[in-house]
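Close look at the chain arrangement
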Amino acid sequence: MERIMRMMKIKDIMNAQPLVLLAAMNVAEAVRSLLPDQNGPFPLVDEEGAFISIVYIPELLKAVLDGEADNRTLASLGQAPKRLLDPDDSADQLLGKPVDSLPVIEDGKLAGIVGVPEMAAYALSVRSRAEELSNLVDYAYNPIVAVDLDNRIWVYNKALERVTGLNAADCLGQDINKTLPMSRLPEVLETGLTQTTQKVVYGNTSFLSNRAPIYHDNQISGAVAILQEISELEAVSQELEYVKRLNCELDAIIESSFDGLYITDGQGYTIRVNKGFERITGSPAREHYGRHMAELVEEGFYSRSGTLLALEAREPVTITLETITGKNVLVTSSPIFDAKGEITLVVTNVRDITELNELQRRLDQAESLSHLYQNELQQLKVVASGEIIMRSPRMEEIFGLAIRLAAVDSTVMIKGESGVGKEMIADLIHSSSQRKNGPIVKVNCGAIPETLLESELFGYESGAFTGARKEGKPGFFEVAHGGTLFLDEIGDLPRNLQVKFLRVLQDRTVTRVGGTKPIPVNVRILAGTNRDLDVLVEDQQFREDLYYRLNVVPLDVPPLRERRDDITPLIDHFLEYYNERYHMNKRLAPGVMEILLDYHWPGNVRELQNLVERLVVVTTDNLITVDDLPPLNQAASRTAAIRPLKSVVEEAERDLLNSAFARYNSTYEVARALKVNQSTIVRKAARYGIRTGLRHDRHSAN
């Protein structure tokens, strides 16, 4: 039986923290540093921890009595050990070989020491475990037989004696082929394969046999067979299941667990730590074996102990804690009870939430990047669709902000002069939001008579007033349910309606004119204004509380005169649009674009669009010249926009090139139209960063 039990290594039984003395110390220093209860012997090491020899108490005492305590070093008293041990060697070599204390060496340094107490404790443990297993096998219900590598029987239990009628004492040490030729255990030794539920016959009795190799240090050291009479079919099933469970290697289960497993006894002393725990915490298992959890917490190995809490609560406990290596872990400690209700074990499952936190951080980062990419993709889609025309950095910034605001349901206040494109921004926010499949209702609060505005916004019931529809009418809030309501020129909302409007924003319900029943509405509010609402609030023309409810996220759209980079692409866009709409081919003559760039555009984009449409439909020639322009108060415009000559020239060149590239199919055609060399066109396009989008010229390879 001892062959099965001897599975421990030297490192499992050694004292990993022996009292170590420096070989360079003199005897007097060593004696003064020793406590009365420290009996030795003591390993001697150099300053780098390399093992040298062992010194014994008698040699120390003799040096003291001889008066040489101050003159002799410990190295002069040291004795070479009878042998050195390796921590991964089997502890079997210590059985039956009483020797003195032996050092354990790993990588040239002292890893621990195995003394007489450790040897004795191991021998007693092996003997005790061997006796327990021997009794378990001997009194098992099933016949069991085992052989060594020479086919010699070394296990022959009482159940097998009962089946065969042979005495175990006569069979032990005999060749299995002669005693039990039907066992087929030599076949298992030869193949190394486990054989289950194989039928064998002994005398007049048939059995099912389970046969398996026995491993020691990962090598086959024997084979074992367990028999079961076939006649007891029901018992066979139960016993085989039991045997299978017994055959499962507990070590394999524990060590293959991805989670860390930490097991203590019923008092809180560590008895088992798996490799998963070492991997997760970075703390070697040998530093924990045999130690009490309270001691480990006190020394800072853990910030607290789930085991101690489970022992106190007598129920499973889940907590987070920090290890000595800085890892944050989630532990669940579960007490195991015996038949008397006493805790015999505490099993703790350990998971590294540092890894989980890092994964969560990466997930959050990925989600943020996803939102960013979605916003950028939406911007590219809108730009590519031609719905938005812009080039100035300020408009690009506003455009990006509008896309981001589309992802949330906050109220947005779009500010800007008349004609800057507030309605276009509202369309962009709605079409990029989750409400895009719902309606967008646009209301100009300044264009509806005050007497009708209340019924238009909130609706009315049948008979609410003279001329009302018999069936009543839903208001704009109800019509926009599930979508977006854009209230332009919100500053023109009469003060008597502002209170009712505020109540709708707060309660998300509307009450029709002449009605009493609140109607729930799910509407996102976008407001627009060309007036300074702060001044209106100060003059008490606009309620302050309503202003703050609407001005959650302000978005200021600059006038066209403050984003002149957009003028040229807007003119090109509207020129192309109206040419296509009216089936014409109008283009601007040199000098026209410069005049339009200098104009201050008080009507902003709306004025520019109307002017381009007028030029397309009114001019008789395909070439629109300066003479075709209406009076634009050029003097005032130029005076207000005095700039360095160089910048004006560069801007005129850039606009002229943009217009030319929009009309011609190659740099050669552009050069001919502008009466310059083709190389000049290429150079200036590169200088101004103009993307021509033209096909390759036929002669470009030359």
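Predicted, not measured: the structure shown is a model, and the values here were computed from it.

**Some points on the packing of helix 17 (residues 393-406) against helix 18 (residues 422-431)**
- Running from N to C, helix 17 and helix 18 point in directions that differ by 40 degrees, and their axes come no closer than 8 Å. Between helix 17 and helix 18, the crossing angle belongs to the class labelled oblique. The two elements helix 17 and helix 18 cross, and the hand of that crossing is right-handed. For the pair formed by helix 17 and helix 18, the contact residues are Ile398, Phe399, Ala402, Ile403 and Ala406 on the first element and Ile425, Leu428 and Ile429 on the second.
- Across the contact of helix 17 with helix 18, the residue classes break down as 8 nonpolar, no polar and no charged.

**As for unusual backbone geometry**
- For Asp107, which is not glycine, the phi torsion reads 55 degrees and is therefore positive.
- Note on placement: Asp107 falls in the loop between strand 4 (102-106) and strand 5 (109-114).
- For Asp107, a relative accessible area of 79% translates into the label exposed.
- Within the chain, Arg314 stands out as a residue other than glycine whose phi angle is a positive 60 degrees.
- Within the fold, Arg314 resides in the loop between helix 15 (306-313) and strand 13 (317-322).
- You can call Arg314 partly exposed: its relative accessible area is 42%.

**So, the sheet that holds strand 24 (residues 553-556)**
- Taken in spatial order, the 5 strands make up an open sheet running 17-20-23-16-24, and their pairing is parallel. In this open sheet, the two edge strands, each paired with only one partner strand, are strand 17 (440-444) and strand 24. Here the average twist between neighbouring strands, direction ignored, is 20 degrees.
- Sheet topology places strand 17 next to strand 20 (residues 484-488); 5 bridges connect them, and they run parallel. Across the sheet, Val441 pairs through a bridge with Leu485, a residue of strand 20.
- Contacting strand 16 (412-415), strand 23 (524-529) and strand 24, helix 17 runs over the sheet at an angle of about 150 degrees to strand 24.

**Considerations on the side chain of Thr568**
- Turning to its location among the elements, Thr568 is positioned in helix 24 (residues 567-581).
- Relative accessible area serves as the criterion here: at 1%, Thr568 is assigned to the buried category.
- Those residues in contact with Thr568 that lie beyond four places of it in its chain are Met593, Leu597, Asp655 and Asn658.

**Considering the packing of aromatic side chains**
- Using the criterion set out here, one finds 9 aromatic pairs in the structure.
- Centroid distance Tyr577 to Tyr578: 4.8 Å. Interplanar angle 75 degrees. Geometry classified as edge-to-face.
- The class for Tyr578 is buried, based on a relative accessible area of 3%.
- Taken together, the ring pairs in this structure connect Tyr262, Phe277 and Tyr302 into an aromatic cluster.

Definitions and cut-offs
Starting afresh in each chain, residues are numbered from 1 along the sequence in its written order. Side-chain atom pairs in this predicted model are given and counted only at pLDDT of 80 or more, local residue features only at pLDDT of at least 70, and totals for whole chains, interfaces and linings cover all residues. Each side-chain value is derived from all of the structure's non-hydrogen atoms; neither hydrogens nor water enter the calculation. The axes used here are C-alpha line fits, helices contributing only the stretch in contact, and every angle between their N-to-C directions lies in the interval 0 to 180 degrees. To qualify as a helix, a DSSP run of H or I must reach at least 4 residues; to qualify as a strand, a run of E must reach at least 2; elements of each kind are numbered from the N terminus. Any angle from 65 to 115 degrees is called roughly perpendicular, while one under 35 is roughly parallel, one over 145 is roughly antiparallel, and all others are oblique. The crossing is said to be left-handed when, going from far helix to near helix, the turn is anticlockwise and less than a right angle, and right-handed when the turn is clockwise. Whether two residues are in contact is decided by their heavy atoms, any of which lying within 4.5 Å being enough. Charged means Asp, Glu, Lys or Arg here, nonpolar means Ala, Val, Leu, Ile, Met, Phe, Trp, Tyr, Cys or Pro, and polar covers whatever is left, Gly included. For every residue, the accessible area (1.4 Å probe, protein chains only) is compared with the maximum for its type, and the residue is labelled buried under 20%, exposed over 50%, or partly exposed between those bounds. Whether two strands pair comes down to DSSP finding at least two bridges between them. Geometry of aromatic contacts follows a simple scheme: Phe, Tyr and Trp rings, the Trp one being its six-membered ring, pair when their centres are within 6.5 Å, and the pair is stacked under 30 degrees between planes, edge-to-face over 60, tilted otherwise.

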